[in-house]
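What follows is the residue order along each chain.
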Amino acid sequence: MKTTKKKITQKEIAGLAHIGPDFLSHIIRGNRRCPPRVALRLEEVTGISKVTWVWGTPSEIREAVHQVCANDSR
């Protein structure tokens, strides 16, 4: 039996976390800090630690999001 998972996008992550895609993009690029309440929702959606969302560097956050998006496409 073959299982195919749909690739998850940043836009879908934002929607599931109840934030705008632009806000998520600003967090990922390091233009905005991630509020703790948002970090909790993003952790639930992505599995990326809330600590990374709040205290991680932009490159750490980008790499983690890339990993989540890449893993969901398998």
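Every value quoted in this text rests on a predicted model; they were computed, and no experiment measured them.

Caption draft 1: Focus on the nonpolar core. Core analysis: the largest hydrophobic core is formed by 21 residues, its most contacted members being I19, L24, C34, L42, W53 and V65. The set of elements that each furnish at least two residues to this core consists of α1 (10-16), α2 (21-29), α3 (36-46), α4 (50-55) and α5 (58-72). At five residues, α5 tops the list of elements feeding residues into this core. Not counting the four nearest positions on each side in its chain, C34 is found in contact with I27, A39, L42, W53 and V54.

Caption draft 2: Looking closely at α2. Looking only at α2, the buried set comprises F23, L24, S25, I27 and I28. Positive phi shows up at G30, right after α2, with a value of about 85°.

Caption draft 3: Quick peek at the pattern of salt bridges. Under the criterion given, the structure shown has one salt bridge. As a salt-bridge pair, K50 and E43 come within 3.8 Å of each other at their nearest N and O atoms.

What counts and how
- Residues numbered from 1 in each chain as written.
- Predicted model: local features only at pLDDT ≥ 70, side-chain atom pairs only at ≥ 80, totals over all residues.
- Heavy atoms only, no water.
- Core = buried A, V, L, I, M, F, W, Y, C linked by side-chain atoms within 4.5 Å.
- Buried < 20%, exposed > 50% of the residue type's maximum accessible area, 1.4 Å probe, protein only.
- Helix = DSSP H or I, 4+ residues; strand = E, 2+ residues; numbered from the N terminus.
- Contact = heavy atoms within 4.5 Å.
- Salt bridge = Lys/Arg side-chain N within 4 Å of Asp/Glu carboxyl O.

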